[in-house]
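Structural description and commentary
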Amino acid sequence: VSPAEAAAMDPQQRLLLEQGYATLHSAARPRTELMGSDSGVFLGIERPDWALAQPPSARGSVYAVTGDNVSVAAGRLSFVLGLQGPCASVDTACSSALVALHGAANAARGGECPEALAMAVSLKLSPLGTLGAAVAGMLSADGRCKTLDARANGYARSEGVGALVLRWYGAGGALLSGDAVRQDGRSASLTAPNGSAQRTLLLKALGRASLSASQLGCVEAHGTGTALGDPTEMGALAAVYGAGERDKPLVVGAAKANV
């Protein structure tokens, strides 16, 4: 990457290049083996703040077109490493990383590629998104995400990057037993959760994994830390995983909220 292109490139793209290759390398895939391979790339990424943070004079650069493009964020890694498998960027807000993982798992499971790199990245490079969420009453006034707590008063925005290599070894060696993606559909508002849709999602994932609710020991929750989101999610979890007889309690955590 030339200095001129680097200056116009969203820092998220640099992080993805570094973390994506490091993850492939740790999965015993050196660069010499990747060139021309069918390996896939699936990326979860929201609207990039980079374009908003740039002065108008920088937006006319020949590199600005690719520097803040979400499709290029995934495509650049495929380009640099010579990967010719499926490549896609998805933006589904809070679930972007999970939906990217879902796409990667399906591609590997379905034989579309021998392995798939699932990635997600989020950097807050402009204050505008935070200000908008604060005005909407979504953020915690004290900057603390109190998930599954009666004191919950909103979430806290944070940054991160992660990557995971998925390979399909047949039903006996599946990394993901079952996964599912659904939408809230019509709910109280555009951003309000839908408990009924969440219950259906949980049942779909259980069905694809051929598991019963009583077989699960723990759940990693979305855990928004909001007075509306947490009770809705916990209600759906209780309705699905609490059904029938359980010989042990169901542990619910929310690591993302802690991050």
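Our subject is the structure that appears above.
An account of the accompanying structure is given in this report. These figures come from a predicted structure and were not determined experimentally.

Conventions adopted
- Residues numbered from 1 in each chain as written.
- Predicted model: local features only at pLDDT ≥ 70, side-chain atom pairs only at ≥ 80, totals over all residues.
- Heavy atoms only, no water.
- Salt bridge = Lys/Arg side-chain N within 4 Å of Asp/Glu carboxyl O.
- Helix = DSSP H or I, 4+ residues; strand = E, 2+ residues; numbered from the N terminus.
- Buried < 20%, exposed > 50% of the residue type's maximum accessible area, 1.4 Å probe, protein only.
- Pairing = 2+ DSSP bridges.
- Axes fitted to C-alpha atoms, helices over the stretch in contact; angles between N-to-C directions.
- Contact = heavy atoms within 4.5 Å.
- Core = buried A, V, L, I, M, F, W, Y, C linked by side-chain atoms within 4.5 Å.
- Polar contact = N/O pair within 3.5 Å; in protein donor to acceptor, adjacent residues only side chain to side chain.
- Parallel < 35°, antiparallel > 145°, perpendicular 65-115°, else oblique.
- Left-handed = near helix turned anticlockwise from the far one by under 90°.
- Nonpolar A, V, L, I, M, F, W, Y, C, P; charged D, E, K, R; others polar.

Regarding the pattern of salt bridges
Throughout the structure, instances matching the rule amount to eight salt bridges. Its salt-bridge partner being R167, residue E115 comes within 2.9 Å of it at the nearest N-O pair. Taken together, the positions of E115 in strand β3 (residues 115-122) and R167 in strand β4 (residues 160-167) put the pair 52 residues apart, joining distant regions of the chain. Since its relative accessible area comes to 25%, R167 is described here as partly exposed. Here D142 and K146 are joined by a salt bridge, their closest N and O atoms 3.0 Å apart. The partly exposed category is assigned to D142, whose relative accessible area is 48%. Exposure remark for K146: the relative accessible area of 12% places this residue in the buried category. Among the charged side chains, a salt-bridge network with shared partners connects R29, E33, E115 and R167.

Some words on the sheet that holds strand β1 (residues 40-45)
The strand order across the open sheet formed by four strands is β2-β1-β3-β4, and the pairing between neighbours is mixed. Two strands in the sheet have a free side with no partner beyond their single neighbour: β2 (87-90) and β4. Along the sheet, successive strands turn relative to each other by an average axial angle of 15°, direction set aside. When β3 meets β4, the two strands line up antiparallel, connected through eight bridges. In the sheet register, A120 faces β4, and the bridge partner there is G162. Across the sheet, helix α2 (residues 11-26) is in contact with β1, β3 and β4; its angle to β3 comes to roughly 145°. Packing against the sheet, helix α7 (residues 96-109) makes contact with β1, β2, β3 and β4, and its axis sits at approximately 165° to β1.

Comments concerning the nonpolar core
With 19 residues, the main nonpolar core has L43, L77 and M119 as its most contacted residues. Those residues in contact with L77 that lie beyond four places of it in its chain are L16, L17, G20, Y21, V41, L117 and M119. In terms of nonpolar packing, the next biggest core, distinct from the first, is built from 10 residues, F42, L101, A116 and A118 among them.

Quick word on the side chain of T224
Among the secondary structure elements, T224 is positioned in the loop between β5 (218-220) and α10 (229-241). What makes T224 buried here is its relative accessible area of 18%. Looking at T224, its side chain comes within polar contact range of the side chain of T226, at 2.8 Å.

Here we look at the side chain of T23
You can see T23 is positioned in helix α2. Among the residues examined, T23 registers a relative accessible area of 11% and is labelled buried. Ignoring anything within four residues of it in the chain, the contact list for T23 reads L117, A163, L164 and V165.

So, the environment of M119
Here M119 is to be found in strand β3. Aside from chain neighbours lying at most four places away, what touches M119 is L16, G20, V41, F42, L43, G44, L77, A100, G162 and A163.

Focus: the packing of α2 against helix α6 (residues 70-81)
Taken N-terminus to C-terminus, the directions of α2 and α6 make an angle of 50°; their axes are 9 Å apart at the nearest point. One way to sum up the angle between α2 and α6 is to call them oblique. Pair α2 / α6 crosses with right-handed handedness. Across the interface between the two elements, Q13, L16, L17, G20, Y21 and L24 of α2 pack against V72, A73, R76, L77, V80 and L81 of α6. In the contact of α2 with α6, the residues fall into nine nonpolar, two polar and one charged.

A closer look at unusual backbone geometry
Look at A28: it is not a glycine, yet its phi comes out positive at around 65°. Its place among the elements puts A28 in the loop between α2 and α3 (31-34). With a phi angle near 55°, S210 is a residue other than glycine that sits in the positive phi range. Locating S210 in the fold gives a position in the loop between α9 (195-209) and β5. Taking the relative accessible area as the measure of exposure, S210 reaches 65% and is therefore exposed.

Shape is all these values report; function is a separate question.
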